Amino acid sequence: MDHQGEFRRAALELGVPDDEISRFGRHLRLTIGLSVGGGSPVGRFGGPAQLPVGMKWPSTGDVPLPLLLSVDCGALPGVDGFDLPADGTLLFFVHQEMDLEDTSGRYARVVYVPDGTKTAAVEAPSSQCAREQLDVSAGLRAELPLWLQEGDEDWHEFWEDLDWEDMSPFQQELARYMERDLPHLDELRALAHDLWPSDAFVVIGGYADDEVIHSIAEQSLAGREKAGEIPAIPIAEWYSHLEKEKHRLTSEWIVLAREARVYEEYCTSFAIRHDDLAAARVDKALAVTTFEAP
């Protein structure tokens, strides 16, 4: 389905200029929201893992990794610009307590099982890593980058309340862009969420969490600086450069799966580069687990 075309037609009916719709559309990502019940199952939380015959349950050393989620790619709704495999199954394993403490990524694993692979149902090797099985259905939802979102931290209004001299150079650049090029931002944002309002426990697609992009951007900047690709960055300018690097990386990375944030619970987000996803290199996914304290 032509989702961008659907959005454009609806925005034109509101009187928004076509060129502004195009600019906003470059930031709009449709995601797949997974919820318990409510429709035809496209996957499930927990339960046994349908693995290739002969494959052992994923583990790190003697620590088995609980199965968080498995999804049937062929049953998911199609999304423009999101190169999920057309068929097969994605399985997400993570030991959240260990992954929170150890940021090496050893305690999270994504497994892709193509259609036609001989598989067998494998039970969790211990009760400690077994999760309750719950079927999930899918719906579409709209998502925007953090700086265009509306919510408790509405960056647009936040910047309007800041004195110009208190903004970083990059914040000034984004503020000018929103004021000059997106004068109908509120209407476009509301329209996107009206067209695709799905709530979800897990999201597939969309923008990587700020914690994920922040970590990637710090490593990227430090690596580029060390390799001589960019001049040495003065300490006073580091944060402004980091903001710009985060903004650049949001276009390169996408969420493969992300749990909704719930207080007093662990939440894991799996992010991947667009090119790795297009090549089904799901082992390149980066997992970040957080704990939401009240």
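A quick note: this is a predicted structure, and the numbers were derived from the prediction, not measured. (Residues numbered from 1 in each chain as written. Predicted model: local features only at pLDDT ≥ 70, side-chain atom pairs only at ≥ 80, totals over all residues. Heavy atoms only, no water.)

### Focus on helix α8 (residues 238-249)
Now for step 1: With twelve residues, α8 extends 16 Å from end C-alpha to end C-alpha; this agrees with the ideal 16 Å at 1.5 Å per step.
Now for step 2: Residues S240, L242, E243, E245, K246 and L249 constitute the buried set of α8.
Now for step 3: In the core, the buried residues of α8 are packed alongside α5 (169-181), α7 (210-226) and β12 (253-259). (Helix = DSSP H or I, 4+ residues; strand = E, 2+ residues; numbered from the N terminus. Expected span 1.5 Å × (residues − 1). Buried < 20%, exposed > 50% of the residue type's maximum accessible area, 1.4 Å probe, protein only. Contact = heavy atoms within 4.5 Å.)

### A look at the side chain of R23
Now for step 1: Structurally, R23 is set in helix α2 (residues 18-25).
Now for step 2: Note on R23: relative accessible area 19%, which makes it buried.
Now for step 3: When residues no more than four places from it in sequence are discounted, the contact partners of R23 are Y177, D181 and L182.

### Considerations on unusual backbone geometry
Now for step 1: Notably, A280 is not glycine yet its phi reads approximately 60°, a positive angle.
Now for step 2: Topologically, A280 is positioned in the loop between α9 (274-278) and β14 (286-292).
Now for step 3: A280 sits in the partly exposed class, given a relative accessible area of 31%.

### Remarks on the packing of α7 against α8
Now for step 1: Closest axis-to-axis distance for the α7/α8 pair is 9 Å, and the angle between their directions is 115°. Overall, the two elements α7 and α8 adopt an arrangement that is roughly perpendicular. α8 is crossed by α7, and the crossing has right-handed handedness. Contact residues: D210, I213, H214, I216, A217, E218, S220, L221, A222, R224 and E225 in α7; W238, H241, L242, E245, K246, R248 and L249 in α8.
Now for step 2: A breakdown of the residues in the contact of α7 with α8 according to their chemical character gives eight nonpolar, three polar and seven charged. (Axes fitted to C-alpha atoms, helices over the stretch in contact; angles between N-to-C directions. Parallel < 35°, antiparallel > 145°, perpendicular 65-115°, else oblique. Left-handed = near helix turned anticlockwise from the far one by under 90°. Nonpolar A, V, L, I, M, F, W, Y, C, P; charged D, E, K, R; others polar.)

### Re the pattern of salt bridges
Now for step 1: Per the stated rule, a full pass over the model turns up 15 salt bridges.
Now for step 2: Between R180 and D181 there is a salt bridge; the shortest N-O distance is 3.2 Å.
Now for step 3: Using a relative accessible area of 53% as the deciding quantity, one classes R180 as exposed.
Now for step 4: The exposure class assigned to D181 is buried, which follows from its relative accessible area of 15%. (Salt bridge = Lys/Arg side-chain N within 4 Å of Asp/Glu carboxyl O.)

### Observations concerning a nonpolar patch on the surface
Now for step 1: Taken together, the side chains of V36, L134 and F201 make up a nonpolar region of the molecular surface, amounting to roughly 250 Å² of accessible area.
Now for step 2: Tracing the backbone through its elements, the reader meets F201 in the loop between α6 (185-195) and β11 (202-204). (Patch = residues over 30% accessible without salt bridge, like charges linked within 9 Å, V, L, I, M, F, W, Y side chains within 5 Å. Areas by Shrake-Rupley, 256 points an atom, 1.4 Å probe, with all protein chains shown as cover.)

### Looking at the sheet that holds β11
Now for step 1: With antiparallel pairing, the ten strands of this open sheet are ordered in space as β8-β7-β6-β2-β10-β1-β11-β12-β13-β14. Both edges of this open sheet fall to β8 (108-113) and β14, since each of them pairs with a single strand only. When the angles between neighbouring strand axes are averaged without regard to direction, this sheet yields 25°.
Now for step 2: Sheet analysis places strand β13 (residues 265-273) next to β14, joined by seven bridges and oriented antiparallel. Among the inter-strand pairings, F270 is bridged to a residue of β14, identified as A287.
Now for step 3: Lying over the sheet, α7 contacts β12, β13 and β14, oriented at roughly 130° with respect to β14. (Pairing = 2+ DSSP bridges.)

### Here we look at the pairing of strand β7 (residues 89-94)
Now for step 1: Within β7, five of the six residues are buried, which leaves it mostly tucked inside the rest of the structure.
Now for step 2: Taken together, the five bridges between strand β6 (residues 67-72) and β7 define a ladder with antiparallel strand orientation. Residue pairing in the sheet places V71 in a bridge with L90 of β7.
Now for step 3: Sheet topology note: the β7/β8 ladder contains six bridges and is antiparallel. Considered in β8, the bridge of L90 is made with Y112.

### A few points about the packing of helix α1 (residues 3-13) against α6
Now for step 1: Following both chains from N to C, one finds α1 and α6 inclined at 130°, their axes separated by 11 Å at the closest point. It follows from the interaxial angle that α1 and α6 lie oblique. For the pair α1 and α6, the crossing hand works out as right-handed. Together, E6, F7, A10 and A11 of α1 and L188, L191, A192 and L195 of α6 make up the contact between the two elements.
Now for step 2: Residue classes in the contact of α1 with α6 are distributed as seven nonpolar, no polar and one charged.

### Observations regarding the nonpolar core
Now for step 1: The biggest cluster of nonpolar side chains holds 52 residues, and the ones touching the most others in it are F7, L34, L84, L90, F92, L256 and F270.
Now for step 2: Beyond its immediate stretch of four places on either side in the chain, L84 contacts I32, L76, L90, I204, L256 and L277.
Now for step 3: The next biggest cluster of nonpolar side chains, apart from the first, holds 13 residues, and it includes I213, A217, L221 and L249. (Core = buried A, V, L, I, M, F, W, Y, C linked by side-chain atoms within 4.5 Å.)

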